[in-house]
Amino acid sequence: MTGTTITLDDTASEGLSRLVNAAVHPGQMMSAMGAYLLTSTQRRFETETGPEGAKWKPLSPSTAKRKIGRGRVRGTANILRVTTQLYQSLVMRSDETSAEVGTNMVYAAVHQFGGAIQQYARSQRLSLKKIRGGRARFVKHGTKGAELRNITIGEHTINIPARPYLGFSQADIARLLEIGEEHLLREAAP
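Residues numbered from 1 in each chain as written. Predicted model: local features only at pLDDT ≥ 70, side-chain atom pairs only at ≥ 80, totals over all residues. Heavy atoms only, no water.

(A) Broad picture of the overall build of the protein. What the protein contains, in helices and strands, is six helices and seven strands. When the helices and strands of the protein are read in sequence order from the N terminus, they spell out α-α-α-α-β-β-α-β-β-β-β-β-α. By residue count, 31% of the 190 residues in the protein fall in the buried class. Here the analysis covers contacts within the protein between residues at least 6 apart in sequence; of these, 64% occur between residues at least 24 apart. Accessible surface for the protein amounts to roughly 12600 Å². Of this, 53% is attributable to carbon and sulfur atoms. (Helix = DSSP H or I, 4+ residues; strand = E, 2+ residues; numbered from the N terminus. Buried < 20%, exposed > 50% of the residue type's maximum accessible area, 1.4 Å probe, protein only. Contact = heavy atoms within 4.5 Å. Areas by Shrake-Rupley, 256 points an atom, 1.4 Å probe, with all protein chains shown as cover.)

Right, dumping it as structure tokens:
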């Protein structure tokens, strides 16, 4: 998995390390923990909240008004889930001593941490066709009745707010410890 690595660096780390060291077959425990973390991360997309419980910043009005296909307006629902590519790309990987959840999408880090995307000035030729009311709309190059125009789009910056989805909440840490304890109890049972 490319992108970011989030390390559990708090008071629960010591407890989790002791659980891994005490287990006879820690790989099974780490697999269960990874499955829980994957479900928890997917739930954040559904509730549109970060690991600390803070709601994600809503979409900008221009993004919310953008058409997404078949004439539908995007609206404010389903932040980061219009195409579901990022949501569906979430995967879990575990071994004997670790479990991780991540994605291989190139733009995942921008959504996790936020950022500014610099768009440089550019010029291009576009095909426009007049429609009812004297307005013009973009059409494919070569469309009958269309005229080519040279346009310039100025330099601008697109700011994307952070919408964290990877990480651990206090409830996640508590549940991971419970999973570890349950695993140890199963191993100790005759």
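(B) Structural view of the packing of aromatic side chains. On inspection of all chains with the given rule, the structure shows three aromatic pairs. For the pair Phe45 and Tyr87, a centre-to-centre distance of 5.6 Å together with 75 degrees between the ring planes defines the contact as edge-to-face. One end of the pair, Phe45, is in helix 2 (residues 26-47); the other, Tyr87, is in helix 4 (residues 85-88), with 42 residues separating them in the sequence. The exposure class of Tyr87 is buried, given its relative accessible area of 18%. Pairwise contacts between aromatic rings join Phe45, Trp56, Tyr87 and Tyr165 into one cluster. The residue whose ring lies beneath Arg81 is Tyr87, and the NZ or CZ to ring-centre distance is 5.7 Å. (Phe/Tyr/Trp six-rings, centres within 6.5 Å; stacked < 30°, edge-to-face > 60°. Lys NZ or Arg CZ within 6 Å of the ring centre and 35° of its normal.)

(C) Just the pattern of salt bridges, in detail. Taken as a whole and judged by the stated rule, the model has five salt bridges. Residues Arg175 and Glu178 are paired through a salt bridge, measuring 3.1 Å at the closest nitrogen-oxygen approach. Of this pair, Arg175 and Glu178 both sit in helix 6 (residues 170-188), separated by three residues, roughly a single helical turn. The structure contains a network of salt bridges with shared partners spanning Arg175, Glu178 and Glu182. (Salt bridge = Lys/Arg side-chain N within 4 Å of Asp/Glu carboxyl O.)

(D) Local environment of the sheet that holds strand 5 (residues 136-139). Taken in spatial order, the three strands line up as 5-4-6 in an open sheet, and their pairing is antiparallel. In the strand order of this sheet, the two ends are held by strand 5 and strand 6 (147-153), each with one partner. Neighbour to neighbour, the strand axes of the sheet diverge by 55 degrees on average, direction disregarded. Here strand 4 (residues 122-130) runs beside strand 6; their pairing, made up of seven bridges, is antiparallel. In the sheet register, Ser127 faces strand 6, and the bridge partner there is Leu148. (Pairing = 2+ DSSP bridges. Axes fitted to C-alpha atoms, helices over the stretch in contact; angles between N-to-C directions.)

(E) Examining the environment of Lys67 more closely. Counting through the fold element by element, Lys67 comes out in the loop between helix 3 (61-65) and helix 4. Discounting residues that sit within four places of it in the chain, Lys67 has contacts with Arg72 and Val73.

(F) Region of the structure containing unusual backbone geometry. One non-glycine residue, Glu48, lies in the positive phi region at around 55 degrees. Notably, Leu80 is not glycine yet its phi reads approximately 65 degrees, a positive angle. By the secondary structure assignment, Leu80 is in the loop between helix 3 and helix 4.

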